[in-house]
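# Observations on the model geometry
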Amino acid sequence: LRYDSLECISCSGETIASNAPMIMQTMIKGMPTSFLDEVQRESRVLLRKARHVVLFGYQLPPDDVLWQEAFAEAVRCRKDTDDKAYWTVVVGHLGEKRWLYGDDMMEYANKYRYTSDAVGRGAKAIVNAVAIFGKGQVRAWCGGIPQVFVDGTEADVKEILYPEGFVDWKGTRLENWV
């Protein structure tokens, strides 16, 4: 089992982190390109099945209605089930270089929420994420995107993608691995 591999929900083939679609914001107005449309449709399906979603550098702005609805639908379709989704938000570059959870995360967000550097500290993204996903389902890193994909160790990559003690892996193929 590779530490960065996942099973494709469409074909059951092995995919690795470098195969994952990256959704880039676009300045194109009007009709989106067919490729972007396809990536968005596939992403919506994946969000409904994902156990852990990592958002790198995305502030979850309230006016991004398309993705607000997609994330809300991913949460709604799991309501009243034991199959919870967990969300890692990696934003900001001025914050502490440590993982923030629960009340500690909210205390941090509330401290910087209305300051001029709220975006740089990741406070707005935390507040937006908690509003959609719930405090217990979100963790945040606000000290810049960790360089784990460049010069990190296997353990560093696992901490971002497969966090121990935060995500409930029970019932998945990772249950006995993480």
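Just above, that's the structure.
All of the points below concern the structure found in this document. (Residues numbered from 1 in each chain as written. Predicted model: local features only at pLDDT ≥ 70, side-chain atom pairs only at ≥ 80, totals over all residues. Heavy atoms only, no water.)

### Points about the packing of aromatic side chains
- Tallied over the entire structure, the rule returns nine aromatic pairs.
- On the basis of an interplanar angle of 50 degrees and a centroid distance of 6.4 Å, the ring pair of Tyr 58 and Phe 71 is categorised as tilted. Remark: Phe 71 occurs in helix H2 (residues 65–76) and Tyr 58 occurs in the loop between strand S3 (52–56) and H2; sequence separation between them is 13 residues. Note on accessibility: Tyr 58 and Phe 71 belong to one class, buried.
- A centroid spacing of 5.5 Å and a plane angle of 85 degrees characterise the contact between Phe 71 and Trp 87, whose relative ring orientation is edge-to-face. Highlighted residues: Phe 71 in helix H2 and Trp 87 in strand S4 (residues 86–90), separated in sequence by 16 residues. Accessibility assignment for this pair places Phe 71 and Trp 87 in one class, buried.
- Here the aromatic residues Tyr 58, Trp 67, Phe 71, Trp 87 and Phe 133 are joined through ring pairs into a cluster of three or more.
- Arg 121 extends its terminal NZ or CZ atom over the ring of Tyr 112, reaching a point 4.2 Å from the ring centre.
- Geometry around Trp 99 places Arg 139 over its ring, the cationic atom sitting 3.6 Å from the centre. (Phe/Tyr/Trp six-rings, centres within 6.5 Å; stacked < 30°, edge-to-face > 60°. Helix = DSSP H or I, 4+ residues; strand = E, 2+ residues; numbered from the N terminus. Buried < 20%, exposed > 50% of the residue type's maximum accessible area, 1.4 Å probe, protein only. Lys NZ or Arg CZ within 6 Å of the ring centre and 35° of its normal.)

### What about the sheet that holds strand S6 (residues 138–141)?
- One open sheet holds the four strands; their spatial order is S3-S4-S6-S5, and the pairing between them is mixed. Each of the sheet's edge strands pairs with one partner strand only, and the pair in question is S3 and strand S5 (99–101). Averaged over all pairs of adjacent strands, the angle between their axes in this sheet comes to 20 degrees, without regard to strand direction.
- Relative to S6, helix H4 (residues 123–133) is tilted by about 165 degrees, and along the sheet it contacts S4, S5 and S6. (Pairing = 2+ DSSP bridges. Axes fitted to C-alpha atoms, helices over the stretch in contact; angles between N-to-C directions. Contact = heavy atoms within 4.5 Å.)

### Section: the pattern of salt bridges
- Per the counting criterion, the structure on display carries eight salt bridges.
- The partner of Glu 73 in a salt bridge is Arg 76, and the shortest N-O contact between them spans 2.6 Å. Of this pair, Glu 73 and Arg 76 both sit in helix H2, separated by three residues, roughly a single helical turn.
- Asp 117 is paired through a salt bridge with Arg 121; the nearest N and O atoms lie 3.1 Å apart.
- One connected set of salt bridges, linked through shared partners, spans Arg 48, Glu 73 and Arg 76. (Salt bridge = Lys/Arg side-chain N within 4 Å of Asp/Glu carboxyl O.)

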